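# Structure at a glance
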Amino acid sequence: MIKLLPLLLFVTISSYASDTIFVDDNYADRSMLFDNSLLLLWGTNLTPTSAFEIKNVTDGAGLALKSICATVAASPYSTYYDSVSHKPSLKTATCYDYILQRKIDRSAKKITIEFDAIWNKYNIPRGEAGRVVITLVINFTTVAPKFGDIDSAHQERFGYPAYNLRILNSGSSSNQTFMVYGGGKTPNGEFEKRTENGRTYWLPGFSSEAGGTSPGQPDSSDYPYFPTKKSNKPFIQAASITEWRHFTWIIEPEYMQIFKRATNENESMNELVSSMLIPKYEGDSLDVINKLNNEYGTNISKMPKYYKWFSEFNSVRVYLKATSSNFGYIANF
């Protein structure tokens, strides 16, 4: 579920009447989704075929939820590369969008995105398979992408990444759950393009860290230290292979937090997984630097690379990466 709440009102019970709910999807079907996997031919398919399916998944405690996941047929083609065994890949199009009807100005709003998730396997060390990425997208085109646009890299059809949450089903001690601002080699953020075999194509499900480096890589320092751009350590293992877990991503104007709890628990059991200060930036870099140092107890003297404060969004993209033996499932978005 995605809801919007004016700041300073959410502290009272009566304020809940002022929530605006934009998405409430229990995956009874796929009618709310803009399915990017239908924009290209992948594998051996001769016609556009969805890479997603709806399944009932039961956890170790017997809790059964209707969920969405990648199909077994799609999973071998869930890659960044142009082809797999000489067959066309999905080029990260194992992603779908909730396209909002208007731009959301988040300068005085609290955005809450909630969902349940479970995995069937840990992937050691980096959680590359089964990862879940949820991105606030800005300037999603008013003309929805059409078949062939993924391979038409001369035109921008997939918007720009503002902020995203990443849950890696990793069994290692780092790079598990964090947030990133922007992406690529521009302050405006960019979804990746890749050139292979003389062809350039979009990767609509993937954006790097701001600066173009690979997100989730181990580093000696993390946000807000230059040059890394992800939320602060420790990176807590949030993925579960034994129970449905409820995740809450709270995005306030200058602060983001991820919480988790068992789905069958109430909100009082929420555990903070990761947080990230995102100061407003209107050209005063010293103000941003001071806020970051005060928040993190650091002594940085220059801005994190390509730092930008994103004021709005008009789409939410969900990316699921899978292999034939490793899936992530999402319910109750």
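Residues numbered from 1 in each chain as written. Predicted model: local features only at pLDDT ≥ 70, side-chain atom pairs only at ≥ 80, totals over all residues. Heavy atoms only, no water.

## Overview of the overall build of the protein
From N to C terminus, the protein includes one helix and 19 strands. Whereas a compact globule of 333 residues would reach a radius of gyration of roughly 20 Å, the protein reaches 19 Å, a difference of no more than 12%. Counting only carbon and sulfur atoms, one obtains 51% of the accessible surface of the protein, whose full area is about 13800 Å². In the protein, which carries 34 positive and 33 negative side-chain charges, the distance between the mean positions of the two groups comes to 5 Å. (Helix = DSSP H or I, 4+ residues; strand = E, 2+ residues; numbered from the N terminus. Rg over C-alpha atoms; globule rule 2.2 N^0.38 Å. Areas by Shrake-Rupley, 256 points an atom, 1.4 Å probe, with all protein chains shown as cover. Lys, Arg positive; Asp, Glu negative; His and termini not counted. Charge placed at Lys NZ, Arg CZ, Asp CG, Glu CD.)

## Some remarks on the state of the cysteines
What the rule picks out here adds up to zero disulfides. With no disulfide of its own, Cys 69 lies 15 Å from the sulfur of Cys 95, the closest cysteine sulfur. A relative accessible area of 0% means that Cys 95 is categorised as buried. (Disulfide = S-S within 2.5 Å. Buried < 20%, exposed > 50% of the residue type's maximum accessible area, 1.4 Å probe, protein only.)

## A closer look at the packing of aromatic side chains
In the structure shown here, the tally under the stated rule is 15 aromatic pairs. Look at Phe 158 and Trp 202: their rings are 6.3 Å apart centre to centre, the planes differ by 65 degrees, and that puts the pair in the edge-to-face class. Of this pair, Phe 158 sits in the loop between strand S10 (132-138) and strand S11 (160-167) while Trp 202 is found in strand S14 (residues 199-203), placing the two residues 44 residues apart along the sequence. In this pair, the class of Phe 158 matches that of Trp 202, namely buried. Taken together, the ring pairs connect Tyr 27, Phe 52, Tyr 96, Tyr 98, Phe 115, Trp 119, Phe 247 and Phe 333 into an aromatic cluster. The ring of Tyr 201 is capped by Lys 91, whose NZ or CZ atom sits 5.3 Å from the centre of that ring. (Phe/Tyr/Trp six-rings, centres within 6.5 Å; stacked < 30°, edge-to-face > 60°. Lys NZ or Arg CZ within 6 Å of the ring centre and 35° of its normal.)

## Quick word on the side chain of Arg 166
By secondary structure assignment, the location of Arg 166 is in strand S11. There is no salt bridge for the buried Arg 166, and the closest opposite charge comes from Glu 209, which lies 7.5 Å off by N-O distance. Side-chain polar atoms of Arg 166 contact the backbone oxygen of Ser 207, separated by 2.6 Å. Excluding anything up to four places from it in sequence, Arg 166 contacts Arg 131, Val 132, Val 133, Gln 176, Thr 177, Phe 178, Val 180, Phe 206, Ser 207, Ser 208 and Pro 215. (Salt bridge = Lys/Arg side-chain N within 4 Å of Asp/Glu carboxyl O. Polar contact = N/O pair within 3.5 Å; in protein donor to acceptor, adjacent residues only side chain to side chain. Contact = heavy atoms within 4.5 Å.)

## Describing the environment of His 86
Tracing the backbone shows His 86 in the loop between strand S6 (83-84) and strand S7 (87-88). Residue His 86 is classed as exposed on the basis of its relative accessible area, which comes to 83%. Considering only alpha carbons, one finds His 86 and Gly 43, 43 residues apart in sequence, at a separation of 9.0 Å.

## Digging into the sheet that holds strand S8 (residues 95-105)
Taken in spatial order, the six strands line up as S3-S8-S18-S10-S11-S12 in an open sheet, and their pairing is antiparallel. In this open sheet, the two strands that pair with only one neighbour each are strand S3 (34-35) and strand S12 (177-181). The sheet contact formed by S3 and S8 spans two bridges and is antiparallel. The residue bridging Phe 34 from the neighbouring strand is Asp 97, located in S8. (Pairing = 2+ DSSP bridges.)

## Focus on the pairing of strand S17 (residues 271-277)
In terms of burial, S17 is largely enclosed, as five of its seven residues are buried. Alignment of strand S16 (residues 255-262) against S17, held across six bridges, turns out to be antiparallel. Each bridged residue has a counterpart across the sheet, and for Met 256 the counterpart in S17 is Met 276.

## A short note on unusual backbone geometry
Positive phi, close to 50 degrees, is recorded for Lys 91, a residue that is not glycine. Position of Lys 91 relative to the elements: it lies in the loop between S7 and S8. For Lys 91, a relative accessible area of 3% translates into the label buried. A positive phi is found at Asn 332, a non-glycine position, where the angle reads about 50 degrees. Structurally, the position occupied by Asn 332 is in the segment after strand S19 (328-331). For Asn 332, a relative accessible area of 31% puts it in the partly exposed group.

## A short note on the nonpolar core
Ranked by internal contacts, the top residues of the largest apolar core, which has 53 residues, are Ile 113, Phe 115, Tyr 163, Trp 249, Ile 330 and Phe 333. Looking at this core, the element that brings in the most residues is strand S9 (residues 109-119), giving five residues. (Core = buried A, V, L, I, M, F, W, Y, C linked by side-chain atoms within 4.5 Å.)

## Some points on the pattern of salt bridges
Once their charged atoms are close, side chains differing in charge can pair, the charge on each being opposite to the other. Inspection of the entire model under this criterion finds 16 salt bridges. Residue Arg 199 pairs with Asp 82 through a salt bridge whose shortest N-O separation is 2.4 Å. Here Arg 199 is found in strand S14, whereas its partner Asp 82 is found in the loop between strand S5 (64-70) and S6, with 117 residues between them in sequence. Linking Glu 254 and Lys 291 is a salt bridge whose minimum nitrogen-to-oxygen distance equals 3.1 Å. You can see Glu 254 sitting in the loop between strand S15 (245-252) and S16 and its partner Lys 291 sitting in helix H1 (residues 285-296), a full 37 residues away along the chain. Accessibility expressed as a relative area gives 27% for Glu 254, which makes it partly exposed. Each member of the salt-bridge network shares a partner with another, and the members are Asp 82, Lys 91, Asp 151 and Arg 199.

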